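Understanding the architecture of this molecule
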Amino acid sequence: MKRSVLSATLGLALATGLVALPVAAASAAPAVHAARGVSGYTAQANSSTANSGTGYAGSAAETANNEAFFKAVMASAKARQAANPWLQTVTVTYDTSNAPSFSGQISNAAQIWNSSVSNVQLQQSSGQGDFSYYEGNDSRGSYASTDGHGHGYVFLDYSQNQQYDSLRVTAHETGHVLGLPDHYEGPCSELMSGGGPGPSCTNPYPDGNERSQVDYLWANGVDN
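What you are looking at is a predicted structure, and each value in this text was computed from that prediction instead of being measured. (Residues numbered from 1 in each chain as written. Predicted model: local features only at pLDDT ≥ 70, side-chain atom pairs only at ≥ 80, totals over all residues. Heavy atoms only, no water.)

**Focus: helix α4 (residues 166-177)**
What counts, and what does not: Numbering goes from the N terminus for both helices and strands, where a helix is a DSSP run of H or I of at least four residues and a strand is a run of E of at least two. Here the expected length of a helix is defined as 1.5 Å per residue gap, with one fewer gap than residues. To sort residues, take the accessible area from a 1.4 Å probe on protein chains only and compare it with the maximum for the residue type: under 20% means buried, over 50% means exposed, and anything in between is partly exposed. In protein, a polar contact requires one atom able to donate a hydrogen and another able to accept it; more generally it is a pair of N or O atoms within 3.5 Å, and residues adjacent in sequence count only if both atoms are side-chain atoms.
With twelve residues, α4 extends 17 Å from end C-alpha to end C-alpha; this agrees with the ideal 16 Å at 1.5 Å per step. The buried fraction of α4 amounts to eleven of the twelve residues, a majority that puts the element mostly inside the structure. N-cap assignment for α4: the residue whose side-chain oxygen lies 3.5 Å from the backbone N of L167 is D165.

**What about the state of the cysteines?**
Rule in force here: The criterion for a disulfide is a pair of cysteine sulfur atoms lying within 2.5 Å.
All chains considered together, the criterion is met by one disulfide. Here C188 is linked by a disulfide to C201, with a sulfur-sulfur distance of 2.0 Å. With the S-S bond torsion at 90°, the cross-link from C188 to C201 turns out right-handed. Here C201 lies in the loop between α4 and α5 (208-217) and C188 lies in the loop between α4 and α5, a separation of 13 residues in the sequence.

**Some thoughts on helix α2 (residues 103-116)**
For clarity, the cut-off: In this description, one arc is meant: the one made by directions from the helix axis to the C-beta atoms. In what follows, a contact means two residues having at least one pair of non-hydrogen atoms within 4.5 Å.
Along its 14 residues, α2 runs 20 Å from first to last C-alpha, staying within 8% of the 20 Å computed at 1.5 Å per residue. Buried within α2 we find Q105, I106, A109, A110, I112, W113 and S116. Angularly, the buried residues of α2 cover 160° about the axis, an arc narrow enough to put them on a single face. Facing away from the buried side of α2 by more than 90 degrees, the exposed set consists of Q111 and S115. Elements that come into contact with the buried residues of α2 comprise β1 (90-98), β2 (120-124), β3 (131-136), β5 (152-157), α4 and α5.

**So, empty space enclosed by the protein**
The condition that has to hold: Within this scheme a cavity is a closed region of a 1 Å grid, computed over the protein atoms alone, that accommodates a 1.4 Å probe without allowing it to escape, whereas a pocket is open but has protein on both sides within 12 Å along at least five of seven lines; lining residues each have an atom within 4 Å of a point. Grid points are joined across faces, edges and corners, and a volume is the space filled by probe spheres set on the points.
One pass over the full model with this rule turns up one cavity of 30 Å³ or more. Computed from the structure, the largest cavity encloses a volume of approximately 30 Å³. Y94, I106, A109, A110, L122, F131, Y133 and T174 together form the lining of the largest cavity. Looking at the lining of the largest cavity, the elements that each hand over two or more residues are α2 and β3. No other element matches the three residues that α2 contributes to the lining of the largest cavity.

Here's what the structure looks like:
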């Protein structure tokens, strides 16, 4: 599987009762996302159907944005690997300062992935990481994107957080950061099926195939 065809952007939806949601966003995501392809946890066709649950296959703009997001994270990891060539496992860092309401979900999602794969590990950064999390309100829901300056970010939407399971969505979105595409038609046991199985699906763990794909992508550091 070539990295150039991998999606790293896509949906996010978080469940009720797991976090106390503020009325307004703690910090707005980079405005550049409005000009880029955006798709939600349930892959909506446009903002008017952003919370309808309607399936959507995606667009050329979204595909390009997905690729840009993964490349931004990979490029940052390459720079770190070059400075530490003896490292066999690449560390991808993330910043949660702009998504304080979801710090618990983000930490748990990172732990899930760190225990599931061997060739890449996630680590919280005290400053700007390889990518950042933001929270707020957006009619298109939650998504991952790039800021146009070689940095990736994940936006967590409050409204979707009230409909879908928070930890599953955060782990799902982190799967995009690590190079996995959406597969909405998959079963609940498949993490990257996202919102496809419906709000009742709460599985936050990648299946064996997804774990293998991530390890394959990050095999031998960033030299594969």
